[in-house]
Amino acid sequence: MGIYKMTTKFEEKIYQVCKKIPKGKVSTYKVIAEKLNSKAYRAVGSAMNKNPYSLSKIGSSKKMVPCHRVVASNGHLHGFAHGLKKKAQMLRKEGLEIKNNKIKNFKEKLCKF
DNA sequence: GCTTTGACTCTCG
DNA sequence: TCGAGAGCCAAAG
């Protein structure tokens with residue numbers, strides 16, 4: 001393991017799920033929490049904030065977790081460690097349309113696993 | 001081991 | 001459409 005764990009089992013599962021989000025699609029904190037048989041929406045967000053596999057930390061590695069593809073349940077961009085602007089930018093680069101910090105055609109882009 | 005905190009979500013007015 | 005309040009759960013102190 002090249003990278004220190006620093007994460008709990010619960011958080012690791014979150015990262016595993018996030019990694020599965022296909023490019024050009026998005027998911028929500030809610031969907032991820034439910035995927036883990038839990039309602040810990042907030043815990044999911046916290047895990048993202050502490051995400052040790054973020055873009056700036058390990059770049060385009062296989063372990064990278066596309067946390068920018070995770071948004072609020074209504075398709076609105078909620079938060080991002082490097083700023084919402086950056087988040088919107090990255091999503092746009094992946095083919096998504098962002099308007100006023102909100103995802104266009106959110107229902108179609110949503111990945112529910 | 002209890003309290004605080006947070007990148008959440010839902011409901012109501 | 002928008003903001004406030006309540007409910008929710010795991011991690012950290």
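Residues numbered from 1 in each chain as written. Chains lettered and ligands numbered in written order. Predicted model: local features only at pLDDT ≥ 70, side-chain atom pairs only at ≥ 80, totals over all residues. Heavy atoms only, no water.

Observations regarding the pattern of salt bridges
Oppositely charged side chains can pair when the atoms bearing their charge come close. Per the counting criterion, the structure on display carries two salt bridges. E11 is the salt-bridge partner of K50, the closest N and O atoms lying 3.2 Å from each other. Linking K50 in the loop between helix 3 (41–49) and helix 4 (55–58) with E11 in helix 1 (residues 9–19), this pair joins segments that are 39 residues apart in sequence. We classify E11 as buried; its relative accessible area is 10%. Close ionic contact of E94 with R69 constitutes a salt bridge, the shortest N to O distance being 2.8 Å. Taken together, the residues E94 in the loop between helix 5 (84–93) and helix 6 (106–109) and R69 in the loop between helix 4 and strand 2 (70–71) connect sequence positions 25 residues apart. Judged on exposure class, the residue E94 and its partner R69 are both buried. (Salt bridge = Lys/Arg side-chain N within 4 Å of Asp/Glu carboxyl O. Helix = DSSP H or I, 4+ residues; strand = E, 2+ residues; numbered from the N terminus. Buried < 20%, exposed > 50% of the residue type's maximum accessible area, 1.4 Å probe, protein only.)

Things to note about the side chain of N51
You can see N51 is positioned in the loop between helix 3 and helix 4. According to the relative accessible area criterion, N51 is buried, its value standing at 3%. A polar contact of 2.7 Å, which involves the side chain of N51, links it to the backbone nitrogen of Y53. When sequence neighbours within four positions are dropped, the list of residues in contact with N51 reads Y15, K57, V65 and C67. (Polar contact = N/O pair within 3.5 Å; in protein donor to acceptor, adjacent residues only side chain to side chain. Contact = heavy atoms within 4.5 Å.)

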